[in-house]
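What follows is the residue order along each chain.
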Amino acid sequence: MKKSLQDIKDLSKAGKSFHLILNAEDYTFLELLDMAKISGLIRWKFTFKNAAILSVSELQELLTHADDNALTFDFC
């Protein structure tokens, strides 16, 4: 079940670190970018499945805004 960006942000209030696996097809690029930007603040790691739908420039932008080692891309 797809979680909204607000649902994901609300989970961060638990104070625990998570590694979420999300389908990139379920989110807009701007939502993915928001997740990348907050990765350092909440110390979470995100794996974006089906990342093959993203362009190279989109992937680069996500990596630019994410915390070190916070993003993993699954291209299958």
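For the structure, check the block above.
Cut-offs applied
- Residues numbered from 1 in each chain as written.
- Predicted model: local features only at pLDDT ≥ 70, side-chain atom pairs only at ≥ 80, totals over all residues.
- Heavy atoms only, no water.
- Helix = DSSP H or I, 4+ residues; strand = E, 2+ residues; numbered from the N terminus.
- Expected span 1.5 Å × (residues − 1).
- Buried < 20%, exposed > 50% of the residue type's maximum accessible area, 1.4 Å probe, protein only.
- Contact = heavy atoms within 4.5 Å.
- Pairing = 2+ DSSP bridges.
- Axes fitted to C-alpha atoms, helices over the stretch in contact; angles between N-to-C directions.

Details of helix H2 (residues 29-42)
- Helix length check: H2 (14 residues) gives 20 Å between terminal C-alpha atoms against 20 Å at 1.5 Å per residue, within 8%.
- The set of residues buried in H2 consists of Phe29, Leu32, Leu33, Met35, Ala36, Ile38, Ser39 and Ile42.
- Looking at the buried side of H2, the elements it contacts are helix H1 (5-11), strand E1 (19-23), strand E2 (45-49), helix H3 (56-65) and strand E3 (71-73).

Comments concerning the sheet that holds E3
- Reading across the sheet, the three strands line up as E1-E2-E3 and stay open at both edges, with parallel pairing between neighbours. Of all strands in the sheet, those bounded by a partner on one side alone are E1 and E3. Mean inter-strand twist for the sheet, computed between neighbouring axes without regard to direction, equals 20°.
- Both E2 and E3 contribute to a ladder of three bridges, which runs parallel. The residue bridging phenylalanine 48 from the neighbouring strand is phenylalanine 73, located in E3.
- Relative to the sheet, H2 contacts E1, E2 and E3, its axis offset from that of E2 by approximately 155°.
- Its contacts with the sheet place H3 against E2 and E3, and it is angled at close to 160° to E3.

A few points about unusual backbone geometry
- The backbone of arginine 43 sits at a positive phi, close to 55°, despite the residue not being glycine.
- Along the chain, arginine 43 turns up in the loop between H2 and E2.
- Here the phi dihedral of asparagine 69 falls at roughly 60°; this positive angle occurs in a residue that is not glycine.
- Mapped onto the elements of the fold, asparagine 69 is located in the loop between H3 and E3.

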